[in-house]
Amino acid sequence: MKPVLTCRDIKVDFDGFYALKGVNLNVFHEEVRFLIGPNGAGKTTLLDVICGKTRATNGQVIFEGSGQIDKMQEHKIASAGIARKFQAPSIFPKLTVFENLELSVKQKKSVWALLTAKLNSEVKAKIDYILEKINLQNERNREAGELAHGQKQWLEIGMQLIQEPNLLLLDEPIAGMSGVEREKTGYLIHDIAKECSVLVVEHDMDFVRNFSKQVTVMHEGAVLCEGSMAEVQENEQVVEVYLGRGKKVC
Amino acid sequence: MKNISRSSYALLFIFLLCAPLFLHDFRVALLAKFLCFAILAVGICLIWGYTGILSLGHGVFFGLGAYCVAMYLKLEASPTGIPDFMGWSGIVELPGLWKPFANPYFAISAAVIVPVLLALVLGYFTFKNRIRGVYFSLISQALVVVFVTLFIGKQEITGGTNGLTNFSTAFGISLTNRGVQQVLYFITVGFLLLTVAFALWLTKSRAGKLLMAIREGENRVRFLGYNPTSFKVFVYCVSAALAGVAGGLFVLQVGMISPEMMGIIPSIEMVLWVAVGGRYSIFGAVIGAILTNSAKSFFSESYPDFWLFFLGGLFILVVLVMPNGLVGLGKSVGEKITSRIKKKEKEDVQHEAGPYVS
Ligand SMILES: Nc1ncnc2c1ncn2[C@@H]1O[C@H](COP(=O)(O)OP(=O)(O)O)[C@@H](O)[C@H]1O
Ligand SMILES: [Mg+2]
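Residues numbered from 1 in each chain as written. Chains lettered and ligands numbered in written order. Predicted model: local features only at pLDDT ≥ 70, side-chain atom pairs only at ≥ 80, totals over all residues. Heavy atoms only, no water.

Our focus in this paragraph is the overall build of chain B. Scanning chain B from N- to C-terminus turns up 15 helices and two strands. Compactness check: chain B gives a C-alpha radius of gyration of 23 Å against a globular reference of 21 Å for 358 residues, within 12% of the reference. Dimensions along the principal axes, computed over C-alpha positions, put chain B at roughly 100 × 55 × 35 Å. Residue pairs at least 24 apart in sequence account for 80% of intrachain contacts in chain B once pairs closer than 6 positions are excluded. Of the charged side chains in chain B, 27 are positive and 16 negative, and the gap between their average positions amounts to 12 Å. (Helix = DSSP H or I, 4+ residues; strand = E, 2+ residues; numbered from the N terminus. Rg over C-alpha atoms; globule rule 2.2 N^0.38 Å. Contact = heavy atoms within 4.5 Å. Lys, Arg positive; Asp, Glu negative; His and termini not counted. Charge placed at Lys NZ, Arg CZ, Asp CG, Glu CD.)

Next comes the structure, spelled out in structure tokens:
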């Protein structure tokens, strides 16, 4: 099977400190891939490289349909079909929930296209569909900045979904959420996976165990191992890395 | 809220249309000048209030618009075909730069196109290289310094420190004639109306929402697939065009333009008008420009020494207690009153309901 995303030997040099030391990763169609690892392992940096926020010092990122994307500008990568949700919710606080989604809709994104854009029934229907999915129907006209933390996270996930991406990058989507919200988010992610591939960075092991199929473990800028959660938990190196930091996988 | 803003606009324009009926000619002329400033202020509101880009150099765009129109007026006022100040520098043939400005239509178009081209080039290179915030503001100030120095230095072409003045006809019609002045006043009101309508349309469009999104998080916008550079260049050009229009109308009515009027202090004052009115509101920008300048002319008539103190005080006041300007103040007062009325109604209802409940 051909992967949607291929990272080949990615290295990132922050003034002499290598946050990534040659990472290889394949993400396939309709896959939810969890990326775990201790703090500072380089998970966020890897997502940053894929979406163009950070430039790799070495290596290639190849995206199905677009070829090599690691030299492309951020907005071109996004248009090519890679959506990114950041760790801290980064919505537009002074715009309403509806407007946040309206701007995120998959559409032509030139100045002229936006000047002449109409809020037609097709766009409205898309927004309604997403609002229902992220459970924010009743908040549609509120300023996004007024939402509760968990709702902001969902809004941001919604903003990624409505772009109809081929690959969704989620950085710690459940951080700061309550138990019920976490579970909802887990189902939401699986729901999303029917339409696109998802690469999730997550810290919470219970969450990973409940919702993951395929897991990639990173440590100190490199991939330690890959497999199902059960397989990964058996891996001695993984256990050592986590135990060494006073954390347990299980 | 929608109705309130609609009726405020209606009131404003009814007032402006009726003003010549009850204001002295001299006051109407002043008001016309302020309305030119209001057009410019709308542009600053779009780029600063909506997009979050603080330009401290809009005096240049205003000046360029004014100079373009003034060059035509000057040529029309020069029977020899060569402006008087050029004669003093011993120039006998009209410089090539001036020649097309003998055509009024060229001059009027240039009043918009020249500022837009400048904004396009400067904006493209600064925004593309992700220069923003304070750095952009500093570059916009440098622009002012460059242009003022250039205009003063090239006296034989620009009229130097004195600028361009001593002209009184356009299309062969006397500009000082009372009727013509009134027509110009209404033309200015018309332009302001068009400007406001355009700005409201823009801010309500999806592009307008994107401008706000850029203000809130420019990088975030990139990851939604937008290139903020083109939107920022666009809004910079729009505001430059409005400043050019304002400059052109200004020179027709005031009859002069000099480098001093496009300098650093006027450029900062322009931002202050918008801050006073309320930077997040088109209406605020308009009334801010009118009221601040009315205050200015009041002070300079009555207490000329105090204007700068007043201006400084106003600036501190706005920054410290009225970050959303007069419009913000009006809104919060309005909200307080309505919430008090609602509370009162509630209490009344409770009193009435009292006996039945218990
Ligand atoms: N911009 C940067 N400059 C220097 N070092 C950085 C930068 N960003 C991240 N790092 C370092 O790179 C390492 C990996 O960080 P990160 O990818 O955020 O880890 P994770 O998301 O796995 O917790 C950390 O040691 C971090 O301090
Ligand atoms: Mg991280």
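Moving on from the model shown.
Residue and element names in this part refer to chain B. Residue placement: Ser140 occurs in helix H6 (residues 134–153). For Ser140, the side chain forms a polar contact with the main-chain oxygen of Ser137, separated by 2.6 Å. Those residues within four positions of Ser140 in sequence are excluded, and the remaining contacts are Leu54, Ser55, Leu56 and Gly57. (Polar contact = N/O pair within 3.5 Å; in protein donor to acceptor, adjacent residues only side chain to side chain.)

In this section: the site of ligand 1. Residues and elements named next belong to chain A. In the region of ligand 1, the neighbouring residues are Phe14, Phe17, Ala19, Asn39, Gly40, Ala41, Gly42, Lys43, Thr44 and Thr45. With respect to ligand 1, the backbone of Lys43 contributes an N or O atom lying 2.8 Å from an oxygen atom. Thr45 is positioned with one of its side-chain polar atoms (N or O) 2.5 Å from an oxygen atom of ligand 1. Burial of ligand 1 by the surrounding chains reaches 59%, relative to a free accessible area of 560 Å². (Near = heavy atom within 4 Å. Areas by Shrake-Rupley, 256 points an atom, 1.4 Å probe, with all protein chains shown as cover.)

Now for the sheet that holds strand E10 (residues 222–227) of chain A. Residue and element names in this part refer to chain A. As summarised here, the arrangement of the six strands in space is E6-E7-E8-E3-E9-E10, forming an open sheet in which the pairing is mixed. Each edge of the open sheet carries a strand with a single partner, namely strand E6 (82–85) and E10. In this sheet, neighbouring strand axes are inclined to one another by 20° on average, regardless of whether the strands run parallel or antiparallel. As paired elements, strand E9 (residues 214–219) and E10 share five bridges and run antiparallel to each other. The residue bridging Val217 from the neighbouring strand is Cys225, located in E10. Across the sheet, helix H1 (residues 43–51) touches strand E3 (32–36), E6, strand E7 (167–171), strand E8 (197–201) and E9, and the angle it forms with E7 is around 150°. (Pairing = 2+ DSSP bridges. Axes fitted to C-alpha atoms, helices over the stretch in contact; angles between N-to-C directions.)

A few words now on unusual backbone geometry. Residue and element names in this part refer to chain A. Unusually for a residue other than glycine, Glu220 sits at a positive phi of about 45°. Among the secondary structure elements, Glu220 is positioned in the loop between E9 and E10. Residue classification places Glu220 among the partly exposed positions, given a relative accessible area of 46%. (Buried < 20%, exposed > 50% of the residue type's maximum accessible area, 1.4 Å probe, protein only.)

We now examine the confidence of the model for chain B. All names here are of chain B. The pLDDT averaged across chain B works out to 91; a share of 96% of its residues lies at or above 70. When the criterion is pLDDT under 50, residues 353–358 qualifies, and its contacts beyond four places in sequence or with other chains add up to zero contacts. Confidence metrics for the complex model read pTM 0.92 and ipTM 0.91. (pLDDT = per-residue confidence, 0-100.)

Turning next to the interface of chain A and chain B. Contacts between chain A and chain B engage 31 residues on the former and 24 residues on the latter. Summed over both partners, the interface of chain A with chain B buries about 2,600 Å², with 63% contributed by carbon and sulfur atoms. At the surface where chain A touches chain B, the tally comes to four salt bridges. Applying the counting criterion to the chain A and chain B interface returns 11 residue pairs in polar contact (both at pLDDT 80 or more). Listed by contribution, the elements that provide at least two residues to the side of chain A that touches chain B are helix H2 (74–80), helix H3 (97–104), helix H4 (111–115) and helix H6 (149–161) of chain A. Considering only residue class, the side of chain A that touches chain B consists of 14 nonpolar, eight polar and nine charged. (Buried area = accessible area lost by both parts, 1.4 Å probe. Salt bridge = Lys/Arg side-chain N within 4 Å of Asp/Glu carboxyl O. Nonpolar A, V, L, I, M, F, W, Y, C, P; charged D, E, K, R; others polar.)

Turning to H1 of chain A, a few remarks are in order. Residues and elements named next belong to chain A. Judged by how many residues are buried, H1 sits mostly within the fold: eight of nine residues are covered. If you check which residues of H1 are buried, you get Lys43, Thr45, Leu46, Leu47, Asp48, Val49, Ile50 and Cys51. Two residues or fewer after H1 comes Gly52, characterised by a positive phi angle close to 95°.

Turning to the packing of aromatic side chains, a few remarks are in order. Residues and elements named next belong to chain B. Under the definition given, this model contains 32 aromatic pairs over all chains. Arranged with centres 5.9 Å apart and planes meeting at 50°, the rings of Phe15 and Phe22 form a pair that is tilted. Here Tyr124 and Phe125 contribute two aromatic rings whose centre-to-centre distance is 5.3 Å and whose plane-to-plane angle is 80°, an arrangement assigned as edge-to-face. Among the aromatic residues, those joined into a ring-pair cluster are Phe298, Phe299, Tyr303, Phe306, Trp307, Phe309 and Phe310. (Phe/Tyr/Trp six-rings, centres within 6.5 Å; stacked < 30°, edge-to-face > 60°.)

Taken as a whole, this structure holds 29 salt bridges over all chains when the rule is applied. Here Arg130 of chain B makes a salt bridge to Glu74 of chain A, at a shortest N to O gap of 2.9 Å. With one member in each of two chains, Arg130 of chain B in the loop between helix H5 (104–128) and H6 and Glu74 of chain A in helix H2 form a pair that bridges those chains. Among the residues examined, Arg130 of chain B registers a relative accessible area of 34% and is labelled partly exposed. Where salt bridges share partners, they join Lys133, Asp191, Lys194 and Glu195 of chain A into one cluster.

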